[in-house]
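# Inside the fold
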Amino acid sequence: MAWSIIFDVAEYRPQELDRKWQQRWADTRAFEPTEDPTRPKFYCLEMFAYPSGHAHVGHVRNYIIGDVMARTRRMRGFNVLHPFGWDAFGLPAENAAIKSGIHPEVSTFGNIEHMKGQLKRLGISYAWDRELATCTPEYYKWNQWLFIRMYERGLAYRRRSTVNWCPVDLTVLANEQVVDGACWRCGTAVVQRDLEQWFLKITHYADQLLQGLDTLTKWPEKVLTMQRNWIGRSEGARVRFPLVGDPVVGPNVGPNFSSAIAAAIEVFTTRIDTIYGATFVLLAPEHPLVETFAAGTADPKAFRAQVTKFRMQDRTARMSGDVEKEGVFTGHYAVNPFTGGQVPVWVANFVLGEYGTGAVMAVPAHDQRDFEFARTYALPIRVVVGPADADAPSAESLTEAVSNDGVIVNSGPWDGLPSDEARTKMTADARTRGIGEGTVQFRLKDWGISRQRYWGTPIPMVYCDKDGVQAVPDDQLPVLLPKVTEFTGRGDSPLAQVPEFVNTTCPRCGGPARRETDTMDTFVDSSWYFDRFTDATNALQAFSPVKAKYWLPVDFYSGGVEHAILHLIYSRFFTRVFRDLGMVDHDEPFTQLLTQGMVLKDGKVMSKSKGNVVDPDQMIQKYGSDALRLYVMFVAPPENEVEWSDAGLEGSFRFLARVWRLVDHWAAAVGEAGPVPADLNDAERAARRKTHDTIRRVTMDIEERQHLNTAVSALMELVNDLYAFSDQTVGGSPGQHAASAVTTAERLETLAVVREAVEALVLMVSPFAPHMAEELWEHLGHQGGLTAAAWPAHDAAAARAAEIVVPVQINGKLRARVTVPSEASEDEVRAKALADPAVLAHIAGKTVKKVIVAQGKLVSVVVS
RNA sequence: GCCGGGGUGGCGAAACUGGCAGACGCAGCGGACUUAAAAUCCGCGGCCUCCCAAAGAGGCGUGUGGGUUCGAUUCCCGCCCCCGGCACCA
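Since we're looking at a predicted model, the values are computed, not measured. Numbers given to residues run from 1 along each chain, matching the order in which its sequence is written. Labels are handed out in written order, letters beginning with A for the chains and numbers beginning with 1 for the ligands. Local features in a predicted model are, by the rule used here, given only for residues with pLDDT of at least 70; side-chain atom pairs are given and counted only at 80 or more, and totals for whole chains, interfaces and linings are based on all residues. Just so you know, side-chain values use all the structure's heavy atoms and leave hydrogens and water out.

### Remarks on the overall build of chain A
This is how it is decided: What counts as a helix is a DSSP run of H or I of at least four residues, what counts as a strand is a run of E of at least two, and both are numbered from the N terminus. Exposure is judged per residue with a 1.4 Å probe applied to protein chains only, and the accessible area is read against the type maximum: over 50% gives exposed, under 20% gives buried, and values in between give partly exposed. Any pair of residues with heavy atoms lying within 4.5 Å of one another is described as a contacting pair. Each accessible area value is a Shrake-Rupley result obtained with a 1.4 Å probe; residue values ignore everything except the protein chains displayed when judging cover. Charge assignment in this entry is limited to Lys and Arg as positive and Asp and Glu as negative, and neither His nor the chain termini are counted. Charge positions come from single atoms, namely NZ of Lys, CZ of Arg, CG of Asp or CD of Glu.
Each helix and strand in chain A was counted, giving 27 helices and 34 strands. Expressed along its principal axes, the backbone C-alpha trace of chain A runs to roughly 110 × 90 × 50 Å. The buried share of chain A, taken over its 864 residues, is 54%. Expressed as a percentage of contacts within chain A between residues at least 6 apart in sequence, the contacts between residues at least 24 apart total 73%. Accessible surface, chain A as shown: approximately 37500 Å² in total, 52% of it carbon and sulfur. Taken together, the 91 basic and 106 acidic charged side chains of chain A have centroids lying 1 Å from each other.

### Overview of the pattern of salt bridges
Keep this limit in mind: Just to be clear on terms, a salt bridge is a Lys or Arg side-chain nitrogen sitting within 4 Å of an Asp or Glu carboxyl oxygen.
Within the structure shown, the criterion is met by 57 salt bridges. Here Arg 24 and Glu 778 are joined by a salt bridge, their closest N and O atoms 3.7 Å apart. Within this pair, whereas Arg 24 is found in helix 2 (residues 14-27), its partner Glu 778 is found in helix 24 (residues 770-779), the two being separated by 754 residues in sequence. Put simply, Asp 521 and Arg 451 hold a salt bridge, and the shortest N to O gap is 2.9 Å. One end of the pair, Asp 521, is in the loop between strand 25 (519-520) and helix 15 (529-532); the other, Arg 451, is in strand 20 (residues 450-451), with 70 residues separating them in the sequence. Linked by salt bridges that have partners in common, Lys 20, Arg 24, Glu 775 and Glu 778 make up one network.

### Here we look at the nonpolar core
We apply this condition: For our purposes a nonpolar core is just a set of buried Ala, Val, Leu, Ile, Met, Phe, Trp, Tyr and Cys residues, chained together by side-chain atoms within 4.5 Å.
Core analysis: the biggest nonpolar cluster contains 189 residues, and Trp 447, Phe 573, Trp 644 and Phe 768 have the highest contact counts within it. Counting 37 residues, the second largest nonpolar core, distinct from the first, contains Val 281, Leu 289, Leu 417 and Ile 435.

### Quick notes on the sheet that holds strand 21 (residues 461-464)
Convention followed: Two strands are said to pair when DSSP picks up at least two bridges between them. In this analysis an axis means a line fitted to C-alpha atoms, helices contributing only their contacting stretch, and an angle means the value between N-to-C directions, from 0 to 180 degrees.
As summarised here, the arrangement of the 4 strands in space is 22-21-24-23, forming an open sheet in which the pairing is antiparallel. Across the chains shown, the open sheet's two edge strands, defined by having one partner strand only, are strand 22 (468-471) and strand 23 (503-505). Along the sheet, successive strands turn relative to each other by an average axial angle of 40°, direction set aside.

### Here we look at the packing of helix 20 (residues 646-670) against helix 23 (residues 748-765)
Stated precisely, the cut-off is as follows: When describing relative orientation, an angle under 35 degrees is termed roughly parallel and one over 145 degrees roughly antiparallel, while 65 to 115 degrees is termed roughly perpendicular and anything else oblique. Crossing handedness is defined as follows: a turn of the near helix away from the far one that is anticlockwise and smaller than a right angle gives a left-handed crossing, while the clockwise case is right-handed. Note on residue categories: nonpolar means Ala, Val, Leu, Ile, Met, Phe, Trp, Tyr, Cys or Pro, charged means Asp, Glu, Lys or Arg, and polar means any other residue, Gly included.
For the pair helix 20 and helix 23, interaxial distance at closest approach is 10 Å and the crossing angle is 140°. In terms of orientation, helix 20 lies oblique with respect to helix 23. Where helix 20 crosses over helix 23, the handedness of that crossing is left-handed. Seen from helix 20, the contacting residues are Phe 655, Val 659, Leu 662, Val 663, Trp 666, Ala 669 and Val 670; seen from helix 23, they are Thr 750, Leu 751, Val 754, Arg 755, Val 758, Leu 761, Val 762 and Val 765. Residues that form the contact of helix 20 with helix 23 fall into these classes: 13 nonpolar, 1 polar and 1 charged.

### Observations concerning unusual backbone geometry
Across the junction of Leu 477 and Pro 478, the peptide omega takes the value 0°, indicating a cis bond. Here Pro 478 lies in the loop between strand 22 and helix 14 (499-502). With an omega dihedral of -5°, the bond running from Leu 552 to Pro 553 counts as a cis peptide bond. Of note, Gln 706 is a non-glycine position whose phi angle comes to about 50°, a positive value. Structurally, Gln 706 is set in the loop between helix 21 (682-705) and helix 22 (708-730). A positive phi is found at Asn 811, a non-glycine position, where the angle reads about 50°. Mapped onto the elements, Asn 811 comes out in the loop between strand 31 (803-810) and strand 32 (813-821).

### A look at the environment of Val 267
When you line up the elements, Val 267 lands in strand 11 (residues 264-269). Taking the relative accessible area as the measure of exposure, Val 267 reaches 0% and is therefore buried. Counting along the chain gives 298 residues from Val 267 to Ile 565, while the straight-line C-alpha distance between them is 29 Å. Setting aside its immediate chain neighbours within four residues, Val 267 contacts Ala 237, Arg 238, Val 239, Phe 241, Val 281, Thr 357, Ala 359, Val 360 and Met 361.

### Examining the sheet that holds strand 34 (residues 858-863)
The strand order across the open sheet built from 4 strands is 32-31-34-33, with neighbouring strands paired in mixed fashion. Looking at which strands have only one partner, the edges of the open sheet turn out to be strand 32 and strand 33 (848-854). Pairwise comparison of adjacent strand axes, ignoring direction, gives a mean angle of 20° for this sheet. Of the strand pairs in this sheet, strand 33 and strand 34 are connected by 6 bridges, and their pairing is antiparallel. When the sheet's bridge partners are listed, Ala 854 is paired in strand 34 with Leu 858.

### A closer look at the packing of aromatic side chains
How we decide: Only the six-membered ring of Trp is used, alongside the rings of Phe and Tyr, when aromatic pairs are assigned; centres must lie within 6.5 Å, and planes under 30 degrees apart are stacked while those over 60 apart are edge-to-face, with the rest tilted. Here, over-ring charges are defined by two tests on the NZ atom of lysine or the CZ atom of arginine: distance to the ring centre within 6 Å, and angle to the ring normal within 35 degrees.
Considering all chains together, one arrives at 43 aromatic pairs under this definition. Between Phe 84 and Trp 86, the aromatic rings sit 5.1 Å apart at their centres with planes inclined by 90°, giving edge-to-face as the arrangement. Here Phe 84 and Trp 86 have matching classes, each one buried. Over the face of the ring belonging to Phe 78 we find Arg 73, whose NZ or CZ atom lies 4.7 Å from the ring centre. In this structure, Arg 658 packs its charged tip against the face of Tyr 723, placed 4.0 Å from the ring centre.

### Examining the pairing of strand 10 (residues 233-242)
Most of strand 10 is tucked away, with 7 of its 10 residues classed as buried. In this sheet, strand 18 (residues 436-442) lies alongside strand 10 in antiparallel orientation, the contact comprising 7 bridges. Among the inter-strand pairings, Ala 237 is bridged to a residue of strand 18, identified as Gly 438. Two elements, strand 10 and strand 11, share 6 bridges in a ladder whose sense is antiparallel. Bridging from a neighbouring strand, Pro 242 pairs with Ala 264 of strand 11.

### Comments concerning the protein's contact with RNA strand B
Convention followed: Neighbouring residues are identified by heavy atoms, a residue being near a molecule or strand if any of them is within 4 Å of it. Any pair of nitrogen or oxygen atoms within 3.5 Å is treated as a polar contact; in protein, a donor-acceptor pairing is required on top of that, and neighbouring residues in sequence qualify only through side-chain atoms on both sides.
Taken together, the neighbourhood of RNA strand B is formed by 55 residues, with Thr 270, Lys 325, Arg 369, Arg 817 and Ser 860 sitting nearest. Of what RNA strand B places within 4 Å of the protein, 66% of the atoms are sugar or phosphate. Contacts to RNA strand B include Arg 705, whose side-chain N or O atom sits 2.9 Å from a phosphate oxygen. At 3.2 Å, a side-chain N or O of Arg 815 approaches a phosphate oxygen of RNA strand B. Examining the composition of the surface near RNA strand B, we find that 7 residues originate from one element, helix 22, more than from any other. Its residues assigned to classes, the surface near RNA strand B comprises 22 nonpolar, 16 polar and 17 charged.

### Comments concerning the confidence of the model for chain A
Definition in use: What pLDDT reports is the predictor's confidence in each residue, on a scale of 0 through 100.
Of all residues in chain A, 93% attain a pLDDT of 70 or more, and the chain-wide mean is 88. Confidence over residues 247-262 falls short of pLDDT 50; this stretch has 33 contacts with residues more than four positions distant or in other chains. As scored by the predictor, the complex reaches a pTM of 0.91 and an ipTM of 0.95.

Spelled out as structure tokens, the structure:
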């Protein structure tokens, strides 16, 4: 039995390495940085996790991406902050409590414990000292503190509003949380409710949030576009159409119809240039004037029934499909302030109450919606824009609206102007005459943050009969979330059922008062957690501006694209608030954003309910964490969606074992090798060239392109080459004969080249497979671990080849390859190419018209 | 409808600035080692044609039809399909 010989070369046993090095990193506190102004910083962050219980490989992919970036930057001399935390408040824990009776606090911390273990078993290099959970008073105190600062500045305010209410989750949803008219979480159709709500005035920053997008050059175009659409800026004008003599309507002209009684209808339009074609005015069913007009209509009951029908359509039918354009005449007329003509006022089901002024001027000739409406109800159509080089079409000939710009016609003094010029001039004219003004309209709305739920940050406000709404003074923060023991899932806010919480004293008069019983949307928590990481244990401040200045902004941020709007726009908003409070001095929180793709199993997103989750722990048990890490990085670029494959994981394990054998094979011999000498033979030079070319490729792929898959490919190529080199130089590849560890080689040069190659390989594989790399690094005789090691340096001269193979094309077809010295001149390359037998055969009997030499790349011969 | 991103072997993918399409890996096939298997090591591999076969040679090939160019997966124009976002936003 030859067992002893077989085990001369140590077997790759990843599970032992995982344990050993994870322990070592924890013992030496290897990843806990402190501020160091002498070194460049790198703040690497992955979106923190909701502690659902178990992380699957889809979640874990994101953490590995960040870890590769963090570990690489550390070796490249950066002071790296790579923290992790828990988005620990939220509905699922509370819903589970209603079902199972387990208190959210208990389940949440239990889940955190388990998931933290999973991440540690993956060897992610987190600064665990800075770990935070948003459900702790140490964290949410600062949510409350910030809320009060916003309240003081008018950025947090309370108003009664129609809100999106989820009848299943029993809570209000922000506009961003309503997807196709349904709750983003449970999919139930959303209903409308009127409630007193707290809002954050994100619209105050609408223009800044839009303009800031232009500075985000390292964000995916997709996300920038989604945010632009979401903010939805449009330039236009507000114009007032006075109502024609009506006893109900008073003389006061209100700019926004804050009162139900006004003497004019204000519309918002982006096409004031078409106002001579405005032949009627449309009101949203929600418009305040609608109810005012109702009483005066011929049949008020029928009128109101119509309007009610339109309002019901709004949320449900309108979302699900095309709703016929319908309207009802109010019996009233308004004056087109440009033509002076009287136009009828209708209520239309397709006009939105919450956008603009809730009223539009209808220009059927130049707006498709108005066109359809006019045709349905036989309202007049008037063409006021024509093409620049032809006559304008007649209204009768139109089959659809013409919405593009052109030249103004049928518009009195404005005839002949191009549309854009007309818009500017007519807006100015409206302003001069006091009937309107230019304005910018946003689609973005203020952020309603009140939630009628338990498991969230209490809103730190108090209601006093005498003094009204009062903020809780800073020295009484945090307003602690009381321990609710019974979760029924019925009624409004669970906190309203805790008298000792509700009943308090007014901070101003000391008299009896009631606390706000709603909690904050959990997106508040996640809007600034990256700031807190810079100073996670600060008990006196949300974070120190000095520490924040050192670490922020986040240099590299990665997470799922599903947060492209919600989290990423709220965080940009909060950053501006902190800036205006003097806490930070940058505008944008995340310099670079990477949106990682999901991991699918059987073509579907992994989820517990579908029963198709891949548990990283099971994979680690079988193949070790390094193989899992490497596979997930190798399978595709980080942005791509990928299908999970057990076979692929096994392939990555094989590669690591191959690296292990290679290094082990040479380790004993290369210990004696010195620096690489100048006079190498061809094989040695080629191996060295491959080493340095790989350094270049891997460095660029990780740092510049985040193409982590091709970085791994390059390492595989290097390993393949080194196996062949081993075979050539010492006979027999590593692993071919298990006991064939090299003890010496014929040439010292060989050992020096191999040592350089193998060390570079171990260093470069370490971000992907840190446990194995640490062990091999130690095995190669290095002390102090990889945390202290430097990334290999690229030597461009060593990477350059002495000879290169140049393909030769004849009339665009590849016909030959010639080998030339890499520094050969253009003439030499041309001569060599034209002398090649295969080339001669193809040009025989033909005329060479042209020879193009692309230096170092290719020769192209044109013949006829 | 508008905006953004895509379409490359059996599969995941690569091709950096217009220059050898398919690197690297998975699955597959062949060889070495072994009594045998596993593991390991080495090799083959887009499609088609010529050839008994091999070697070799040639043709076609990056969704599709054009264009620019000595040369196009890459640039331009038209079309088809897929994914994501927004969607009666005046």
